[in-house]
Amino acid sequence: MISEFPLFCFTTLAGLAAGAYAVNAVFKVGEGSKRAWLFPLACMILLGVGLLGLPMHLGRPERMLIALTQPSAMIAQEAYWSMAFGVVLLIDAVLLKVKGRAPRALRIVGAVFALGLTAVMGNAYFVSLAVPAWASVATFPFFILGDLAMGVAAVALFDFLLSKGSDDALCASPKFLLVEAVLAVVAVVVLVVEGCRFASVGLSIAPFAVSAVIAAASAAVALAARMGKVSGKVAAWACFVCLFVAVAIARYAFYAACVL
């Protein structure tokens, strides 16, 4: 296991939550469902579990309190943005549970915090000059677009589960499936670019190539579902699994660079 495993868990799980909620600002999950509150709750759980990686990375939990007193520290900035995002998730979940609806403005604010968090994640490694493979502009899209790719697939799957496979589910919408396919293709490009960056500093491109192939499979499934050749259920599960695995493999390889 790599020494940066806690950070891998943080950026992957919290990034998944951030990407999904950002997409949710455009494509509402569980529209009309009485259980729509489960989506922000699920995002909050992913964010919370991911956040455990920050104090674990520091070795002792009390060090996190010290880090929070240093606003310029990247780990503190990640924590601050996570807290702001978490507050929005909590408010959204409560409003949906109690009133059955929440203002779209709240989702937009949450999306801003979510995207801000993914950008801060990328910046934390962009400024890490000790690891040449990280100190690249390609690091930003690697995190931001990677999280959005995972997020759009998570939105499709969660909406499918909430709608119980109805014809109104996002995974049956041609417009949504096109967006999902496009983001999967964008993820392929981002993974290839990041792999080339690693190759330029003498590291292996193999994990990123594997990830790109898996992400491409997700795009193919989304397009097949759009043409009616694959069911919405298959598309929802397959696209999520493919994109999550693709991003996870690439991100693990990304962190492994610090020990090579």
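What counts and what doesn't
Residues numbered from 1 in each chain as written. Predicted model: local features only at pLDDT ≥ 70, side-chain atom pairs only at ≥ 80, totals over all residues. Heavy atoms only, no water. Core = buried A, V, L, I, M, F, W, Y, C linked by side-chain atoms within 4.5 Å. Buried < 20%, exposed > 50% of the residue type's maximum accessible area, 1.4 Å probe, protein only. Helix = DSSP H or I, 4+ residues; strand = E, 2+ residues; numbered from the N terminus. Patch = residues over 30% accessible without salt bridge, like charges linked within 9 Å, V, L, I, M, F, W, Y side chains within 5 Å. Areas by Shrake-Rupley, 256 points an atom, 1.4 Å probe, with all protein chains shown as cover. Salt bridge = Lys/Arg side-chain N within 4 Å of Asp/Glu carboxyl O. Contact = heavy atoms within 4.5 Å. Axes fitted to C-alpha atoms, helices over the stretch in contact; angles between N-to-C directions. Parallel < 35°, antiparallel > 145°, perpendicular 65-115°, else oblique. Left-handed = near helix turned anticlockwise from the far one by under 90°. Nonpolar A, V, L, I, M, F, W, Y, C, P; charged D, E, K, R; others polar.

1. Some points on the nonpolar core
By size, the foremost hydrophobic cluster in this structure holds 87 residues, and its most contacted members are F85, Y125, W134, F142, V155, F254 and Y255. For this core, the secondary structure elements donating two or more residues are α1 (5-24), α2 (38-51), α5 (74-98), α6 (104-126), α7 (139-163), α8 (174-200), α9 (206-226) and α10 (232-256).

2. Things to note about a nonpolar patch on the surface
A contiguous nonpolar surface patch, about 470 Å² in accessible area, is contributed by L161, V210, W237, V241, V245 and I249. Residue contributions to the nonpolar patch peak at four residues, all from α10. Residue position: V245 is located in helix α10.

3. Some remarks on the pattern of salt bridges
Oppositely charged side chains may form a pair once their charged atoms are brought near each other. Within this structure, the stated rule accounts for one salt bridge. In this structure, the salt-bridge partner of D147 is R251, at a minimum N-O distance of 3.0 Å. With D147 in helix α7 and R251 in helix α10, the pair connects residues that are 104 residues apart, well separated along the chain. The class for D147 is buried, based on a relative accessible area of 0%.

4. As for the side chain of S136
For S136, the location among the structural elements is in the loop between α6 and α7. We classify S136 as buried; its relative accessible area is 11%. For S136, the residues in contact, after removing those within four places along its chain, are F126 and R197.

5. Some points on the packing of α6 against α7
Relative orientation of the contacting elements α6 and α7 amounts to 150°, with a least axis distance of 8 Å. Here α6 lies roughly antiparallel to α7, going by the angle between them. For α6 against α7, the interelement crossing comes out right-handed. Taking contact as the criterion, the partners of L115, T118, A119, M121, G122, N123, Y125 and F126 in α6 are, on α7, T139, F140, F143, I144, D147 and L148. Classifying every residue of the contact of α6 with α7 gives nine nonpolar, four polar and one charged.

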